[in-house]
Protein chains: 2
Amino acid sequence: MKSNPYFNQLPDNYLFTEISARVRIFREQHPEAQLLNFGIGDVTQPLVPAVTDAMHAAVDDLTHRNSFRGYGPEDGYSFLKQAVIQNDYLPLGIQLHENEVFISDGAGSDLGNLSELFTADNRVAILNPAYPAYLDTCVMAGRAGTLLENQWSRIICLDCTADNNFIPELPAGQADIIYLCFPNNPTGTTLTRSQLQMWVDYALTHHSIIIFDGAYEAYISDKDVPHSIYEIPGAKEVAIEIRSYSKSAGFTGVRCGYTIVPEATGLRSMWMRRQCTKYNGTSYVAQRAAEATYTPLAKQQLAQQINYYKQGALLLRNGLEQLGYNAYGGINSPYVWVKTDTDSWTFFNRLLQQCQVVCTPGVGFGSEGDGYVRFSAFAGYDQCQLALQQIKQL
Amino acid sequence: MKSNPYFNQLPDNYLFTEISARVRIFREQHPEAQLLNFGIGDVTQPLVPAVTDAMHAAVDDLTHRNSFRGYGPEDGYSFLKQAVIQNDYLPLGIQLHENEVFISDGAGSDLGNLSELFTADNRVAILNPAYPAYLDTCVMAGRAGTLLENQWSRIICLDCTADNNFIPELPAGQADIIYLCFPNNPTGTTLTRSQLQMWVDYALTHHSIIIFDGAYEAYISDKDVPHSIYEIPGAKEVAIEIRSYSKSAGFTGVRCGYTIVPEATGLRSMWMRRQCTKYNGTSYVAQRAAEATYTPLAKQQLAQQINYYKQGALLLRNGLEQLGYNAYGGINSPYVWVKTDTDSWTFFNRLLQQCQVVCTPGVGFGSEGDGYVRFSAFAGYDQCQLALQQIKQL
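What counts and what doesn't
Residues numbered from 1 in each chain as written. Chains lettered and ligands numbered in written order. Predicted model: local features only at pLDDT ≥ 70, side-chain atom pairs only at ≥ 80, totals over all residues. Heavy atoms only, no water. Core = buried A, V, L, I, M, F, W, Y, C linked by side-chain atoms within 4.5 Å. Buried < 20%, exposed > 50% of the residue type's maximum accessible area, 1.4 Å probe, protein only. Contact = heavy atoms within 4.5 Å. Salt bridge = Lys/Arg side-chain N within 4 Å of Asp/Glu carboxyl O. Helix = DSSP H or I, 4+ residues; strand = E, 2+ residues; numbered from the N terminus. Pairing = 2+ DSSP bridges. Phe/Tyr/Trp six-rings, centres within 6.5 Å; stacked < 30°, edge-to-face > 60°. Axes fitted to C-alpha atoms, helices over the stretch in contact; angles between N-to-C directions. Least-squares fit on C-alpha atoms with pLDDT ≥ 70 in both. 1 Å grid on protein atoms, 1.4 Å probe; cavity = no way out; pocket = protein on both sides within 12 Å on 5 of 7 lines; lining within 4 Å. Points joined across faces, edges and corners; volume = space filled by probe spheres on them. Nonpolar A, V, L, I, M, F, W, Y, C, P; charged D, E, K, R; others polar.

Some words on the nonpolar core
Residues F375(A) and F375(B) are the most contacted members of the largest nonpolar core, which totals 263 residues. Those residues within four positions of F375(A) in sequence are excluded, and the remaining contacts are F38(A), L316(A), L320(A), P334(A), Y335(A), V336(A), V338(A), L351(A), V357(A), C359(A) and I391(A).

In structure tokens:
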């Protein structure tokens, strides 16, 4: 048996695993320390009552023979697909067919598995910095080429730095697959409609596919920031959009998300086939939970929750700026991206050791992330206040 | 963008999709008909109370800040891994380390995704007939070669027919990856310990990897049938074992299973990396549900449920034999495999039209399945009785 050689090309440690390891060592050395964790982008607020009520009801369904549900459709129940279309797309003027909506156990799975739809010789463009899974997935598929001086030979890096206001330039040459994530993780920055239109136009001209990670859509405040890439004319021909309930409704432990694969991309039936072969559908309880996020009561409860996180993000951004840091994001995003005066890991260590604050080293998201760290406001407003006090002493 | 060309090699219709389509047409033409469904292998009994109690408690955990759980470990919570080791393996004398146990949303995902660990040029051996996803996954990965006269050029077919008592012969040449499923879907037959030992020995000699689908383990009655491939000496070096709560505890809608990747296979860290990159862990509620299947009360309730299905299977097998059919399986398995006097789809249609009974055409599981149909006893004991009465009139 020959194992996939590309796995050996992956860097040794996955970013969040490495952070966990360092934090564990710190805790062992300082068992008394009260750590403030702004590291991993995980929510901390419990599910809202409107959602847990629906989950209890779903469990009850599974308790009785007449309401029991076994295997559901691999691409999700119609009740949830319709809720997605009616609530997330129609209000934006976007029409979708039910068969273009694929319910899944989360954005992470879809982002990874979509890779199977493409040959290994596609040229991929990835934001730098970016969520590590985009690149790692490409490496695993043999799509990244070789690593030379911090640069993969076949990956087109779309640099996002303070110098370009975190607005990446279009690739000079041919990019076949383009991973975009806006509002962005880790920088917390966004594109306006006209800026996103340039990417859709590029993809139309170059017959590229855009994999648009919209996990943070619920955090958008600015009016000129699109909530969906399908607000942009032409996007249905070139874009797959991935959404998650993880950050909009605290579903990181519930596991539900969805992916839109429009018919016009020519990839819809392939993705359906992939899911029918390698996926047996999303938990019924999770799908009922996701459906419940769209009730008026849940919308109210969730708006409060998101607002709570956003207030923390804004507090962090403003507070860090007052302390003299250049801070970005935090307005349409739960993430605040901060320029440091050292490399990322040095600042990470200093913050951990001296302030008991855990952040995410920017370099973990790509070479252009070095010299930055990410703060996740999912830690909660009170923790943001505490952290600022402790960072003040640095 | 270049899309994966191997998807085009897949046959047009997925087996269960085709069955659904034919059943839908029949229902439209005969709206008054009461169909008895022995087609898809989905359970029909509700979850047992011990499990739904645990699910309600898990939902409550997610309702309160102090007990809330966000992202869990990608490979599953320790509480469930320990329960698996203590209950499913230690009683068989099998020692496993927690990091060799990977909790997932189900066997279907793991079976499909494990394909990523191997290069495209591995030679694959697959039982014929077999669960279609093994082959389809290989086709998608470009591992099947070309299809000529019902035979894929690079797939080694392990024929299981009445002539060889459904005990496949070892491959004559080199098989790098071997998919085995015992108790078997669709034939319902099994291997004894000594028969399985031959496969482990083959794999040890040929440096092959066995992907052992043990989804139907809970249905084993015979003492000389192994419950785990790791009962066989040497298996830890050459076998990955996949298990599911779908058939043992009715979790087809809950979504939870697990895969054992022993360190000695050399693939454990690769699989961990795959899961950390492309999977965000299994639903907390599902993991608590799975944990609850191991309580004494749940074990009692589940044993009753499995027994109920098994009584149906035995009734079907004996009843069909009395009607003059050659019937197999149904003893260590919920499936009864029946020889027909025509090709599979003709018999399927006849059974649908004349008896209002839905079965699964054997040919959907591979060329050697033609001339057979599968009955799934998950339909329930009462349905099995009714079906026999209606088939009697054929």
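Re the pattern of salt bridges
Applying the stated rule across the entire model yields 26 salt bridges over all chains. As a salt-bridge pair, E291(A) and R288(A) come within 2.9 Å of each other at their nearest N and O atoms. With E291(A) and R288(A) both in helix α10 (residues 284-292) and 3 residues apart, the pair spans about one turn of that helix. Across the pair E263(B) and R268(B) runs a salt bridge whose closest N-O atoms are separated by 2.5 Å. Exposure remark for E263(B): the relative accessible area of 43% places this residue in the partly exposed category.

Considerations on the pairing of strand β3 (residues 124-128) of chain B
All names here are of chain B. Counting buried positions along β3 gives 5 out of 5 residues, so the element sits mostly inside the fold. The alternating pattern of β3 places V124, I126 and N128 and A125 and L127 on opposite faces, both of which are buried. Both β3 and strand β6 (residues 155-159) contribute to a ladder of 5 bridges, which runs parallel. Considered in β6, the bridge of L127 is made with L158. Bridge analysis of β3 against strand β7 (residues 177-181) gives 3 bridges, and the strand direction is parallel. Bridging from a neighbouring strand, I126 pairs with Y179 of β7.

Comments concerning the packing of aromatic side chains
The relative placement of two aromatic rings is captured by the distance of their centres and the angle of their planes. Residue and element names in this part refer to chain B. This model, assessed by the stated rule, comprises 44 aromatic pairs over all chains. For the pair Y134 and Y179, a centre-to-centre distance of 5.1 Å together with 25° between the ring planes defines the contact as stacked. Of this pair, Y134 sits in helix α5 (residues 132-140) while Y179 is found in strand β7, placing the two residues 45 residues apart along the sequence. Of the two residues examined, Y134 and Y179, each falls in the buried class. Summarising the aromatic geometry, the rings of Y219 and F378 are spaced 5.9 Å apart at their centres and angled 85° between planes, so their arrangement reads as edge-to-face. Remark: F378 occurs in the loop between β15 (372-376) and α13 (381-392) and Y219 occurs in the loop between β8 (209-213) and α7 (235-238); sequence separation between them is 159 residues. Under the relative-accessibility criterion, Y219 is labelled buried at 0%. Relative accessible area serves as the criterion here: at 0%, F378 is assigned to the buried category.

A word on the environment of Y308(A)
Looking at where Y308(A) falls in the secondary structure, it is placed in helix α11 (residues 296-322). C-alpha of Y308(A) to C-alpha of Q390(A): the two residues are 82 residues apart in sequence and 21 Å apart in space. Residues in contact with Y308(A), not counting those within four places in the same chain, are Q45(A), G380(A), Y381(A), D382(A) and R65(B).

A few points about the environment of Q34(A)
With respect to the helices and strands, the residue Q34(A) is situated in the loop between α1 (15-29) and β1 (36-37). For Q34(A), a relative accessible area of 68% corresponds to the exposed category.

Remarks on the sheet that holds strand β12 (residues 335-339) of chain B
By definition, the strands of a sheet pair up through backbone hydrogen bonds, in either a parallel or an antiparallel sense. All names here are of chain B. Spatially, 4 strands are ordered β11-β12-β15-β14 in an open sheet, and the strand pairing comes out antiparallel. Of all the strands in the sheet, the pair left with one neighbour each is β11 (327-329) and β14 (360-361). Two elements, β14 and β15, share 2 bridges in a ladder whose sense is antiparallel. Each residue of the ladder has a partner; that of P361, found in β15, is V373. Of the strands in this sheet, β14 and β15 are in contact with helix α12 (residues 344-355), which crosses β15 at around 50°.

What about the relation of the copies chain B and chain A?
For these two chains of identical sequence, chain B goes onto chain A by a turn of 180° and a shift of 0.0 Å along the axis, with RMSD 0.0 Å. Taken together, the turn and the small shift mark the pair as related by a two-fold rotation axis. Ranked by how close their C-alpha atoms come to the rotation axis, the residues of chain B are headed by H56(B), at 3.0 Å. With an isologous cut-off of 70% or more, the 97% of interface residues of chain B that recur at the interface of chain A puts this contact in the isologous class.

Notes on empty space enclosed by the protein
Applying the stated rule across the entire model yields 6 cavities of 30 Å³ or more. Within this model, the largest cavity holds a volume of roughly 100 Å³. Along the wall of the largest cavity there are 16 residues; nearest its centre are S109(A), D105(B), S109(B), N113(B) and Y279(B). For the lining of the largest cavity, the secondary-structure elements that each account for two or more residues are α4 (107-113) and α9 (268-278) of chain A together with α4 (107-113) and α9 (268-278) of chain B. Among the residues forming the lining of the largest cavity, the class breakdown is 2 nonpolar, 7 polar and 7 charged. In this model, the second largest cavity occupies a volume close to 70 Å³. Taken together, 14 residues form the lining of the second largest cavity, with D105(A), S283(A), D105(B), R255(B) and S283(B) sitting closest to its centre. Class assignment for the residues of the lining of the second largest cavity results in 4 nonpolar, 6 polar and 4 charged.

Keep in mind these numbers describe shape, not what the thing actually does.
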